[in-house]
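Listed here are the chains, written in short residue letters.
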Amino acid sequence: MQKIRPTVIPEEIICAEIPAPPNGMIVFGASGDLARRKLIPSLFRIFERGLLSESFYLLGCGRKKLSDKDFRQSAIQAIREKSGDTGAKELEPFINRLYYASGDYNDPSFYEHIDSRVAELDQKHETQNRYVFYLAVPPFLYGTIVEQLGPHLHCRRRGDLRQRVRLIVEKPFGRDLQSAVELNTKIQKCFDESQIYRIDHYLGKETVQNILMFRFANAIFEPVWNRNFIDHIQITIAESIGVEHRAGYYDKAGALRDMFQNHMLGMLSLVAMEPPVSFEADSIRDEKVKLLRSIRTFDPDSLSSFMVRGQYGPGTVNGEQVAGYRQEEGVDAELRTETFVAAKVFVDNWRWKGVPFYLRTGKRLACKDTEIAITFKQVPHSMFVSAGLAEMPANVLVLQIQPEEGISLSFQAKRPGSKVCMSTLRMDFSYREVF
Ligand code: BG6
């Protein structure tokens, strides 16, 4: 008899990565923390893998006065901090594509200057007027920059030339509903919806993207993915770092705006949404919106039964004394900014009615760990009572997002031997081992 094997689609067919078309990138806030820690090192890695076009260039813009040379030097440092001992030979082709323009975000002449540099770089790198604006600045500047981009850089270009431009906005998108609507209105005055990317970097993580594949590319999970089989779901983003040198931004945001309304709800929607019709942006967006609309709103009178907020105090990390939030540089001790939040959320729809979702995130917690734990219901009846097993632990499926990346499923199994004895075992899949 032949063993049954699943059909495996050859990797080279499904995994081929396609390089981006010629493109420039104009990064506002290029001398800041986000650009330094995340953007530039990531762009370098993409470039190394041949996924940026040969014509790629990056024009960094910021208030800090830097020459192209200074900017390149700080980019080399940022890349080395992230990627280790990267030699000059690997870095050079990327670094030579970096440029810098400094100025005041409120000053129209800054944008005139950027405009002329973009025109020059577009010619030099043959990017055919294709470029992306990336707002890596503190949120209060989004509106200012977009308002200036319109008349000075963007709206002068017409038709196809205009359509080649994209705008990327980081979070938090506004402070509340009203300010989010105002910002949207400003942006939509000069960009079409198809040009605007309101991004959440968490959704770019492999393990977060894999939630879609796990749920919708396998037939065995979806039938049990509902209130009949699932007892509760916990989504945790624990960070061991504190606010670091970002108090200026964080103090006005807090964990709710910094992590909860974006990363946590992003993961919640992927875990809980209905199957999208196709793997198209709009189709996935529609299902997420539907899910977010079904989240039960918090009643201010009973808020404390559903949500707690906290702030980290002084303590020790790896034997070293570290400051509490209020002692961190730049923190306003009068503000009660939360660095921790935990909430019990209900999704009031057919699939999830009555299933609690426990969401929590915080800084300066015991370790860095992001995971989604799905706890199934216990078996309805134990037939092993005579063996002293009246209650059976529930199966738990854990999607480990970071720093461990993987999936594990706990289940009960008989321990070998003459007695009826059981243990909870785990089936583990680890990205590190497999890929
Ligand atoms: C950012 C938050 O969006 O996400 C930071 O502003 C947080 O406060 C960071 O530290 C966590 O993301 P990652 O990918 O570094 O774990």
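Below you will find a few notes about this structure. (Residues numbered from 1 in each chain as written. Predicted model: local features only at pLDDT ≥ 70, side-chain atom pairs only at ≥ 80, totals over all residues. Heavy atoms only, no water.)

Some words on the side chain of aspartate 251
Move 1: Structurally, aspartate 251 can be placed in helix H10 (residues 247-272).
Move 2: Here aspartate 332 takes part through its backbone nitrogen, which lies 2.8 Å from a polar atom of the side chain of aspartate 251.
Move 3: Aside from chain neighbours lying at most four places away, what touches aspartate 251 is Tyr325, Gly330, Val331, Asp332, Leu335 and Thr337. (Helix = DSSP H or I, 4+ residues; strand = E, 2+ residues; numbered from the N terminus. Polar contact = N/O pair within 3.5 Å; in protein donor to acceptor, adjacent residues only side chain to side chain. Contact = heavy atoms within 4.5 Å.)

Quick look at the environment of threonine 375
Move 1: As for its placement among the helices and strands, threonine 375 is situated in strand S13 (residues 369-376).
Move 2: In the structure, threonine 375 is positioned 269 residues away from asparagine 106 in sequence and 51 Å away in space, judged by C-alpha atoms.

Focus: unusual backbone geometry
Move 1: Cis geometry marks the peptide bond from lysine 171 to proline 172, where omega comes out at -5°.
Move 2: Its location among the elements puts proline 172 in the loop between strand S5 (165-169) and helix H8 (177-190).
Move 3: For the bond running from glutamine 402 to proline 403, omega is -5°, close enough to zero to count as cis.
Move 4: Relative to the elements of secondary structure, proline 403 occurs in the loop between strand S14 (396-402) and strand S15 (406-414).
Move 5: Phi angles above zero are rare outside glycine, and glutamine 128 is one such case at about 50°.
Move 6: Since its relative accessible area comes to 43%, glutamine 128 is described here as partly exposed.
Move 7: Although it is not a glycine, glutamate 244 sits at a positive phi angle of roughly 55°.
Move 8: Position of glutamate 244 relative to the elements: it lies in the loop between strand S7 (230-238) and H10. (Buried < 20%, exposed > 50% of the residue type's maximum accessible area, 1.4 Å probe, protein only.)

Quick notes on the nonpolar core
Move 1: Trp225, Ile233, Leu268, Trp352, Phe357, Ile372 and Ile374 are the most contacted members of the largest nonpolar core, which totals 48 residues.
Move 2: Breaking this core down by element, the ones donating at least two residues are helix H9 (206-216), S7, H10, helix H11 (281-293), strand S11 (340-346), strand S12 (356-362), S13 and S14.
Move 3: If you tally residues by element for this core, the top one is H10, at 13 residues.
Move 4: What isoleucine 372 contacts, discounting residues up to four positions off in sequence, is Ile211, Ile233, Gln234, Ile235, Met267, Val271, Leu397, Val398, Leu399 and Ile401. (Core = buried A, V, L, I, M, F, W, Y, C linked by side-chain atoms within 4.5 Å.)

A few points about H8
Move 1: Between the first and last C-alpha of H8 there are 21 Å, a value that for 14 residues agrees with the 20 Å anticipated at 1.5 Å per step.
Move 2: Listed as buried for H8 are Ala180, Leu183, Ile187 and Cys190. For H8, the angular spread of buried residues about the axis comes to 95°, placing them on one side. When the buried face of H8 is taken as reference, the exposed residues oriented beyond 90 degrees from it are Leu177, Gln178 and Lys189. (Expected span 1.5 Å × (residues − 1). Arc of directions from axis to C-beta.)

Overview of helix H2 (residues 33-48)
Move 1: Here H2 is 16 residues long and its end C-alpha atoms lie 22 Å apart, about the 22 Å a rise of 1.5 Å per residue gives.
Move 2: Along H2, the sharpest kink reaches roughly 35°, centred on leucine 39 and followed within four residues by the proline proline 41.
Move 3: Burial in H2 covers these residues: Ala35, Leu39, Ile40, Pro41, Leu43, Phe44 and Phe47.
Move 4: Within two residues after H2, glycine 50 carries a phi angle of roughly 75°, on the positive side. (Bend = angle between axes of the 7 residues up to and from the residue.)

What about the site of the ligand?
Move 1: Inspection of the region around the ligand gives 14 residues, with Lys38, Lys171, Lys205, Glu239 and Asp258 positioned closest.
Move 2: Note that an oxygen atom of the ligand is positioned 2.5 Å from one of the side-chain N or O atoms of lysine 205.
Move 3: The separation between an oxygen atom of the ligand and a polar side-chain atom of lysine 368 is 3.1 Å.
Move 4: Protein burial of the ligand: of its 390 Å² of free accessible surface, 91% is covered by the chains.
Move 5: Counting residues per element, the shell around the ligand draws most heavily on H10, which supplies three residues. (Near = heavy atom within 4 Å. Areas by Shrake-Rupley, 256 points an atom, 1.4 Å probe, with all protein chains shown as cover.)

Purely geometric stuff here, so don't read any function into it on its own.
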